[in-house]
Amino acid sequence: MSRALTLIFAIIAYAIFFATFLYLIVFVGDFSFSSRTVDVGPSAPVALAVVIDVALIALFGLQHSVMARQGFKRAWTKTVPPQAERSVYVLAASVMLMILFLGWRPIDAIVWNASNYVLHDILLALFWVGWLTVLLSTFLINHFELFGLQQAWFHMRAREAAAPQFHQPFFYKWVRHPLYLGFFLAFWAAPEMTAGHLLLAVGMSTYMLIAIRYEEHDLIGLFGKDYENYRQEVGMLTPRFRRRNS
């Protein structure tokens, strides 16, 4: 693949990802203008809906986890050019989300409904804070590298990327995984929680907790003692407050 084609592919993959990410917000937020959300879509008996929805979450989680592992990347880049590897990952993740959107079967039973206006608004605010945290966290750790654009651009310019440096920008000073924390808020902060939404929240939360374990294993391999010390000092998803010695 030529340098120009690699960059064009990366841009297309990023555009598809960003559109899919925006639709994920609509899907989870159950916005009324959409015909497919976590609570709106084709119906199915509850037992069948659970099986289908769990399978869709598992498919998404497997793609995300397997393709992100270093061993898979080493094998995969024998076929896919290294400069396009991340863009292929991003495109595959977007496709998995599209499959989830199309295949999801709502389960309408209400788990909770925040009828109190103050509580409703707090949950809605946390929902938006979650998505904002996700987006901002990607920029703190290099948004364009995370989604494959930097690799293709550097290849286009015949430029080598700098070696990874361990640093703790902004949110990362207080929690190790603010991006995942944002997703937790976005999935769980629902003024009205249906059984289907709860299933999605539990499934995605389980996947994220598993993903964090593998991701931290890779980060220790990359940064060594620096990351091990960081794990001891900073909480995974919540700040770790310690008493100062008097």
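Scoring rules and cut-offs
Residues numbered from 1 in each chain as written. Predicted model: local features only at pLDDT ≥ 70, side-chain atom pairs only at ≥ 80, totals over all residues. Heavy atoms only, no water. Salt bridge = Lys/Arg side-chain N within 4 Å of Asp/Glu carboxyl O. Helix = DSSP H or I, 4+ residues; strand = E, 2+ residues; numbered from the N terminus. Buried < 20%, exposed > 50% of the residue type's maximum accessible area, 1.4 Å probe, protein only. Contact = heavy atoms within 4.5 Å. Axes fitted to C-alpha atoms, helices over the stretch in contact; angles between N-to-C directions. Parallel < 35°, antiparallel > 145°, perpendicular 65-115°, else oblique. Left-handed = near helix turned anticlockwise from the far one by under 90°. Nonpolar A, V, L, I, M, F, W, Y, C, P; charged D, E, K, R; others polar.

(A) Representation of the pattern of salt bridges in the model. Applying the stated criterion across every chain, the model contains four salt bridges. Residue Glu-216 is joined to Arg-176 by a salt bridge in which the shortest nitrogen-to-oxygen separation is 2.7 Å. Residue Glu-216 is located in helix α9 (residues 195-223), and its partner Arg-176 is located in the loop between α7 (149-156) and α8 (178-188); the two are separated by 40 residues in the primary sequence. The two residues Glu-216 and Arg-176 agree in class, both being buried. Across the pair Glu-228 and Lys-225 runs a salt bridge whose closest N-O atoms are separated by 4.0 Å. Taken together, the residues span about one helical turn, with Glu-228 and Lys-225 both in helix α10 (residues 225-233) at a distance of three residues. When its relative accessible area of 32% is taken as the criterion, Glu-228 is described as partly exposed. When its relative accessible area of 54% is taken as the criterion, Lys-225 is described as exposed. Connected via shared salt-bridge partners are Arg-176, Glu-216 and Arg-231.

(B) How the structure looks around unusual backbone geometry. Positive phi, normally seen in glycine, also occurs at Asp-30, with a value near 55 degrees. Assignment of secondary structure puts Asp-30 in the loop between α1 (3-29) and α2 (46-68). Residue classification places Asp-30 among the partly exposed residues on the basis of a relative accessible area of 27%. For Asn-142, which is not glycine, the phi dihedral falls at a positive 95 degrees. With respect to the helices and strands, the residue Asn-142 is situated in the loop between α5 (117-140) and α6 (143-146).

(C) Geometry of the environment of Ile-212. With respect to the helices and strands, the residue Ile-212 is situated in helix α9. Look at Ile-212 and you get buried, because its relative accessible area is 1%. Note: C-alpha distance between Ile-212 and Thr-6 (206 residues apart in sequence) is 30 Å. Not counting residues within four places of it along the chain, the set of residues in contact with Ile-212 comprises His-177, Tyr-180, Met-236 and Leu-237.

(D) Examining the packing of α1 against α7 more closely. Put simply, α1 and α7 touch, their axes get as near as 9 Å, and they point 165 degrees apart. In terms of orientation, α1 and α7 fall into the roughly antiparallel class. Between α1 and α7 the crossing geometry is left-handed. Residue-level contacts link Arg-3, Ala-4, Thr-6, Leu-7, Ala-10, Ile-11 and Tyr-14 of α1 to Leu-149, Ala-152, Trp-153, His-155 and Met-156 of α7. A breakdown of the residues in the contact of α1 with α7 according to their chemical character gives nine nonpolar, two polar and one charged.

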